[in-house]
Amino acid sequence: MTTVRRPTIRDVARLAGVSHQTVSRRLRGDPTVSPMLAAHIDNAVAQLDYRPNLVARAMRSRSTGRLAMVLPVGDATSSLQLLSGAYEAAQAAGFAVEVVSLPATELHGRRVVELADSGLYEAVLALTDLPPQHRRSTDGAPIVSAPVYDERMRGIGPLSEASRMAELVAHLAEHGHRELLHLTGETDHPASVRRREAFERAVRELDLRSAGVVDCRWDPAIAASAVRDLPRDTGVTAVLAGNDTLAAGAVRGAAERGWSVPGDLSVTGWDTQPLSAAMLPALTSVAIDHSRLGADLLTELLRVMGGDAPEMDRPSITQIVWRESTGPARDR
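Small disclaimer: the values here were computed from a predicted structure and weren't measured.

1. Some points on the overall build of the protein chain
1) Next: Looking only at helices and strands, the protein chain features 12 helices and 10 strands.
2) Next: Relative to the 2.2 N^0.38 estimate, which gives 20 Å for 332 residues, the radius of gyration of the protein chain is 27 Å and therefore markedly larger than a compact globule would have.
3) Next: Counting over 332 residues, the protein chain shows a buried share of 44%.
4) Next: Of the contacts made within the protein chain by residues no fewer than 6 positions apart, 70% connect residues no fewer than 24 positions apart.
5) Next: Split by element, the accessible area of the protein chain, about 16900 Å² in all, is 51% carbon and sulfur.
6) Next: If you average the places of the 37 positive and of the 41 negative side-chain charges in the protein chain, the two averages end up 6 Å apart.

2. Here's the deal with the sheet that holds strand E2 (residues 96–102)
1) Next: What the four strands build is an open sheet, ordered E2-E1-E3-E4; its pairing is parallel. Each end of this open sheet is capped by a strand with a single partner; those strands are E2 and strand E4 (143–145). Mean inter-strand twist for the sheet, computed between neighbouring axes without regard to direction, equals 20 degrees.
2) Next: One ladder, built from three bridges, connects strand E3 (residues 123–126) with E4; its direction is parallel. Bridging from a neighbouring strand, Leu-125 pairs with Val-144 of E4.

3. Observations concerning the sheet that holds strand E7 (residues 238–241)
1) Next: Strand order in the open sheet made by the four strands is E6-E5-E7-E8, with parallel pairing throughout. Two strands lie at the open edges of the sheet, namely strand E6 (209–215) and strand E8 (266–268), each paired on one side alone. For this sheet the average axis-to-axis angle between neighbouring strands, irrespective of direction, equals 15 degrees.
2) Next: Across three bridges, E7 lies against E8 in parallel orientation. Bridging from a neighbouring strand, Leu-240 pairs with Thr-268 of E8.
3) Next: Packed on one face of the sheet, helix H11 (residues 244–256) meets strand E5 (179–184), E7 and E8 and runs near 160 degrees to E8.

4. A few points about the nonpolar core
1) Next: Of all hydrophobic cores here, the largest spans 42 residues; its most connected members are Leu-127, Tyr-149 and Val-169.
2) Next: Listing elements by their share of this core, those giving two or more residues are strand E1 (66–72), helix H5 (78–92), E3, helix H8 (164–174), helix H9 (190–205), E7, strand E9 (285–288) and helix H12 (290–305).
3) Next: Counting 20 residues, the second largest nonpolar core, distinct from the first, contains Val-227, Trp-259, Val-261 and Leu-283.

5. Some details on the pattern of salt bridges
1) Next: This model, assessed by the stated rule, comprises 15 salt bridges.
2) Next: Its salt-bridge partner being Arg-26, residue Asp-42 comes within 2.7 Å of it at the nearest N-O pair. Within this pair, whereas Asp-42 is found in helix H3 (residues 35–48), its partner Arg-26 is found in helix H2 (residues 20–27), the two being separated by 16 residues in sequence.
3) Next: The class for Asp-42 is partly exposed, based on a relative accessible area of 34%.
4) Next: Arg-228 is the partner of Glu-256 in a salt bridge, and the nearest nitrogen-oxygen pair spans 2.5 Å.

6. So, the packing of aromatic side chains
1) Next: In this structure the tally under the stated criterion is zero aromatic pairs.
2) Next: One residue, Arg-257, lies across the ring of Trp-259, its end atom 4.1 Å from the ring centre.

7. Focus: H12
1) Next: For H12, spanning 16 residues, the distance from its first C-alpha to its last is 23 Å, which sits close to the expected 22 Å at 1.5 Å a residue.
2) Next: Considered for burial, the residues of H12 that qualify are His-290, Leu-293, Gly-294, Leu-297, Leu-298, Glu-300 and Leu-301. Summarising the axial view, the buried residues of H12 lie within an arc of 155 degrees, below the 170-degree limit, and thus occupy one face.
3) Next: On its buried face, H12 sits against E1, H5, E2, E3, E4 and E9.
4) Next: Immediately beyond the C-terminal end of H12, within one or two residues, lies Gly-307, with a positive phi of roughly 90 degrees.

8. With respect to the pairing of E1
1) Next: Burial of E1 is extensive: seven of the seven residues sit out of reach of the surface.
2) Next: Burial of the side chains of E1 extends over both faces: Arg-66, Ala-68, Val-70 and Pro-72 are buried on one face and Leu-67, Met-69 and Leu-71 on the other.
3) Next: With H5 bridging E1 and its parallel neighbour E2, the resulting β-α-β unit is right-handed.
4) Next: Here E1 runs beside E3; their pairing, made up of four bridges, is parallel. Looking at E3, one finds that Val-70 is bridged to Ala-126.

Conventions adopted
- Residues numbered from 1 in each chain as written.
- Predicted model: local features only at pLDDT ≥ 70, side-chain atom pairs only at ≥ 80, totals over all residues.
- Heavy atoms only, no water.
- Helix = DSSP H or I, 4+ residues; strand = E, 2+ residues; numbered from the N terminus.
- Rg over C-alpha atoms; globule rule 2.2 N^0.38 Å.
- Buried < 20%, exposed > 50% of the residue type's maximum accessible area, 1.4 Å probe, protein only.
- Contact = heavy atoms within 4.5 Å.
- Areas by Shrake-Rupley, 256 points an atom, 1.4 Å probe, with all protein chains shown as cover.
- Lys, Arg positive; Asp, Glu negative; His and termini not counted.
- Charge placed at Lys NZ, Arg CZ, Asp CG, Glu CD.
- Pairing = 2+ DSSP bridges.
- Axes fitted to C-alpha atoms, helices over the stretch in contact; angles between N-to-C directions.
- Core = buried A, V, L, I, M, F, W, Y, C linked by side-chain atoms within 4.5 Å.
- Salt bridge = Lys/Arg side-chain N within 4 Å of Asp/Glu carboxyl O.
- Phe/Tyr/Trp six-rings, centres within 6.5 Å; stacked < 30°, edge-to-face > 60°.
- Lys NZ or Arg CZ within 6 Å of the ring centre and 35° of its normal.
- Expected span 1.5 Å × (residues − 1).
- Arc of directions from axis to C-beta.
- Right-handed = clockwise from strand over helix to strand, strands pointing away.

Worth remembering: the numbers are spatial, not functional.
See below:
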């Protein structure tokens, strides 16, 4: 087995015909390196495919311009928007962001601390809960834990915030709806739990009638069946779904039994997925600004790096987008 040696800064210097100190100055962006020497060094770097030793550089300068964001292993689509917002905020502040996905066993171990102590990053932002002893690093970069995902990459914290449910229920009540049905996702999903609790509380406080909560396991076919199978004499005039996919299923179920939306049944969703605006009728839903959340979290990390305390009170990242799928209740 042959091991290929990585080129060093001295190899670059020999090929460019300069000292290794000059190469180092060029790699740091020193403007005193002449254009001619800079061109020779750049050509040598490209020819040798030289990559600086970031650990060594960090040990010398104590500044890497790089931040780490730690996520649990998973495939939550919301994380793409969240990371995009964080990238933009970091770039505006002159930093690069690298994402590190870790399984639950490593999140609870010392892996996050090892990242902070590696010298590669100026700070580490964990988007999940960490053991108390791992939430800061005295010798290395600061570690900030901002839980927005659990170990299974399910939204928690601000991503599961459910206060808009009370607004949805109140609006429907103002338009004559007295019996409501809630279609939930997985019963143990943190966001599902909070939305279900908010629904039940709002119905109780407004003295409305609940037709129950149906566990749809995020399956639109189950949501369609729940609406299609309502009794002929049902008093349900509105369905509040745990996400837009379940809401689309509810709209289909209404159509299959000959009901119009919102004429016979008002339907609301959650998450404001792109297709929700293109549905017929367009779906009333709760928008979650994942991008702004990512930017806010990154800004908080920068505050901690600067020695400031984190902002504890951040504005809500949700708002209701009222569209065509909700209207006045129809007497049956």
